[in-house]
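# Geometric and topological summary
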Amino acid sequence: MLEHEEFTKAGKKAGLQIWRIENMELVPVPDNLHGSFYTGDAYVILYTVKKKESSFYHLHYWLGKECTQDESTAAAIFTVQLDDYLGGKPVQYRELQGVESTAFTSYFKGGLTYKTGGVASGFNHVVTNDLAAQRLLHVKGRRVVRATQVPFSWSSFNSGDCFIIDLGDKIYQWCGSKCNKYERLKATQVARGIRDNERNARAEVIVVEEGSEPSKLTDVLGDKPQLSEGGDDDDTENYHLTFYYYHYQVSDASGSMTVTVVKEENPFLQSDLLSDECFILDHGKNKIIFVWKGHNANPNERKEAMKTAENFIKQMGYPANTQIQVLPEGGETPMFKQFFLDWKERDQSEGFGKVFTTEKVAKIQQVEFNASKLHESHHMAAQYNMMDDGSGETQIWRVESSGRVPVDPKNYGQFYGGDCYIILYTYRKGQIIYTWQGASCSVDELTASAFLTVELDRSLGGNAVQVRVSQGKEPPHLLSLFKSKPLIVYKSGTSRLGNHPPPPPTRLFQVRRNLGTITRIAEVDASAASLNSNDAFFLKTPDGQGFLWIGKGASEEEEKGAEYMSKELNCSCKRITEGQEPANFWAELGGKEEYQTSERLESQSMTHPPRLFGCSNKTGRFTIEEVPGDFTQEDLAEDDVMLLDVWDQVFVWIGKDANEVERAESLKSAKQYIETDPGGRDKLTPVVVVKQGHEPPNFTGWFLAWDPSYWDSITRSLRSRVSARPC
């Protein structure tokens, strides 16, 4: 087995590793440049998941449109060799610029950036802190953002899109007169990513509206001519919802590789997959091919799987950009499993925890979380994303215009949605800087928090781990820093001194346990619809009293968290259990309403994980595109219709700005999606239509800490960006 020195570093820890092919060698790409790709280069990407005693891998090789044949071949060879080095466990993907897989794009929530040039042309990576840069990026895509470098000229612009004019110390976000607010938000993500990752927060981001260009832009671009409106601004392919498959068996028993049809009807049976063989599942009509490798298949068949798929694509006359996934037996992805009737895992965990497969036929033992064992169990640390037990030293500052302002230690663990905080954690292996950003903090505070984080890191020698955390997305380790106290996240407001509006007289707090005794308390909308049977809640009433509401599925730690919250607010409270509520409890919440009671919400053993799709005809044709990775409320676009598939029902969510075509086509597509599902779904699965602003609890329950005022905050944020310009 060939072994490259970079292989020894591969998959050692959870997360993303990227290498660029340079002179036929693997060269690591720095973490701060992940998501930026040169169109003239080829890359190898490894995503590692650590679960209990096992590691799971997703291995991709990415080819730019202008990369050389030698680089393409080298990337494919390194991918096969790395797969071999990792014991054949990785799921392999071939990625082509502009048509990347959902798995690939999910790694880059801030979007993908395509830059011109490459190694062969003598063009190297962008120099960090290059304040003399000059380039133009065209931002496209709704679910998956792609920023492509285009010629630095007005001829590249149009009025329907957003563009990033990068001048080094100033980064202009130019918004065409016909672009929508969702496109503006995505362009802001890209601009801030350049500022924070390539300029270490030293550059200024300025929003520019078409027709209001400052002289600095006309100086470098010249006088602006009349611009076109822009055509098809979304290069995603239509997501076909009718499934057609062919199932092929690959064998070299005859001495040469042959491909023969096994089945032409679906759904397929898991028993069709034999461990001694390799199979192709042909979904070429939807531009994707799967190759499944049996454990005991001929080694040549296994190694040649990717090449066989490429030849098969040519043989069938499919487009050259057809996606390829190569799956080892036991490492099947949810997308692959859905094509089989009642897929069963060979090894299945018991109780709380996800289902994972391993190469040995044995029961998976869940590792019970025990913070005191973290120092001695690296498997537990990786499984639960916990660096240690949180017993190190913690310092917290609030971000203000004057810089970092120390937070009184007695207030540690209390975050306000209108603030940003910087948390420095020091432990025996180093330092971690968490930058916590509230959902309703100002644009200036967001900018300052990024700059102050970099400044603090530099003062510490530049070796600290930096973690940016958005409100509601706090990782377990951050929660553990407050020792016996739970983390409290107030929905809005600020901890700054001065005159501020008083909090509302009626307040509701949701308490949810993350790991062991580590608990998070989040303020939610004071409405009965916010309740959840899986959690505990504390309701504060205007008279200074309160209710401790214990859901049927709430844990002892969650009940303790609710009690803690009542003491924090100096309230005496009455304990009530779900189903035994007095009339005045419902009255304080504005009346009794339906709320989330599904036990499946807390189940981590879902055979069918929830999936979110966006539906749009903004390009003149109706398209459906899956939201990659873990979805959030932010992924619901107000000018689109979204499909949320939770298996036992499919929601059609209608944004307030969606047009009539999208509304009508999405409902038809949801029904067709159910009827053509190859996985044995009930054809009578309910389709539930919900309108923006009127979401029922069985919809909002799939989004942690759902915020009913989110849409208003988005509108305010956009207005502030336009009026303030610098962001």
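Parameters and conventions
- Residues numbered from 1 in each chain as written.
- Predicted model: local features only at pLDDT ≥ 70, side-chain atom pairs only at ≥ 80, totals over all residues.
- Heavy atoms only, no water.
- Pairing = 2+ DSSP bridges.
- Helix = DSSP H or I, 4+ residues; strand = E, 2+ residues; numbered from the N terminus.
- Axes fitted to C-alpha atoms, helices over the stretch in contact; angles between N-to-C directions.
- Contact = heavy atoms within 4.5 Å.
- Buried < 20%, exposed > 50% of the residue type's maximum accessible area, 1.4 Å probe, protein only.
- Right-handed = clockwise from strand over helix to strand, strands pointing away.
- Expected span 1.5 Å × (residues − 1).
- Arc of directions from axis to C-beta.
- Polar contact = N/O pair within 3.5 Å; in protein donor to acceptor, adjacent residues only side chain to side chain.

Ordered in space as 19-18-21-22-23, the five strands form an open sheet in which the pairing is mixed. Edge positions in the open sheet fall to strand 19 (403–406) and strand 23 (465–470), since each of these has one partner strand only. Here the strands of the sheet are splayed against their neighbours by 25° on average, with no regard to which way each runs. Sheet topology note: the strand 18 (residues 393–400)/strand 21 (residues 420–427) ladder contains six bridges and is antiparallel. Bridge pairing in strand 21 links threonine 394 to tyrosine 425. Sheet contacts for helix 9 (residues 443–459): strand 18, strand 19, strand 21, strand 22 (430–437) and strand 23; angle to strand 21, the most-contacted strand, approximately 20°.

The strand order across the open sheet built from seven strands is 3-7-9-8-10-11-12, with neighbouring strands paired in mixed fashion. Edge strands, defined here as strands with exactly one partner in the open sheet, are strand 3 (36–38) and strand 12 (204–209). Across this sheet, the average inter-strand angle for adjacent strands is 25°, counted without regard to direction. Sheet analysis places strand 11 (residues 170–175) next to strand 12, joined by six bridges and oriented parallel. By the bridge assignment, cysteine 175 is partnered in strand 12 with glutamate 209. Each of strand 3, strand 7 (112–115), strand 8 (135–140), strand 9 (146–150), strand 10 (162–166), strand 11 and strand 12 is contacted by helix 3 (residues 181–198), which is oriented at about 20° to strand 10, the strand it contacts most.

Take the pairing of strand 11 next. Buried residues dominate strand 11, accounting for five of its six residues. Here strand 10 pairs with strand 11 via five bridges, running antiparallel. What sits directly across from isoleucine 164, in strand 11, is glutamine 173. Hairpin remark: strand 10 followed by strand 11, antiparallel, with three residues in the connecting loop; positive phi at glycine 168, about 85°. Traced from strand 11 through helix 3 to strand 12, the parallel crossover comes out right-handed.

What follows covers helix 13 (residues 660–675). Its 16 residues give helix 13 an end-to-end C-alpha distance of 23 Å, which sits within 8% of 22 Å, the value for a rise of 1.5 Å per residue. Buried within helix 13 we find Glu662, Ser666, Ser669, Ala670, Tyr673 and Ile674. Take helix 13 and look down its axis: the buried residues cluster within an arc of 125°, on one side only. Seen from the open side of helix 13, the exposed residues pointing more than 90 degrees away from its buried face are Glu660 and Lys668. If you follow the buried residues of helix 13, they end up packed against strand 30 (611–616), strand 31 (623–626), strand 32 (641–645), strand 33 (650–654) and strand 34 (687–691). At the N-terminal end of helix 13, a side-chain oxygen is found 3.2 Å from the backbone nitrogen of valine 661, two or three residues along, and the residue is asparagine 659.

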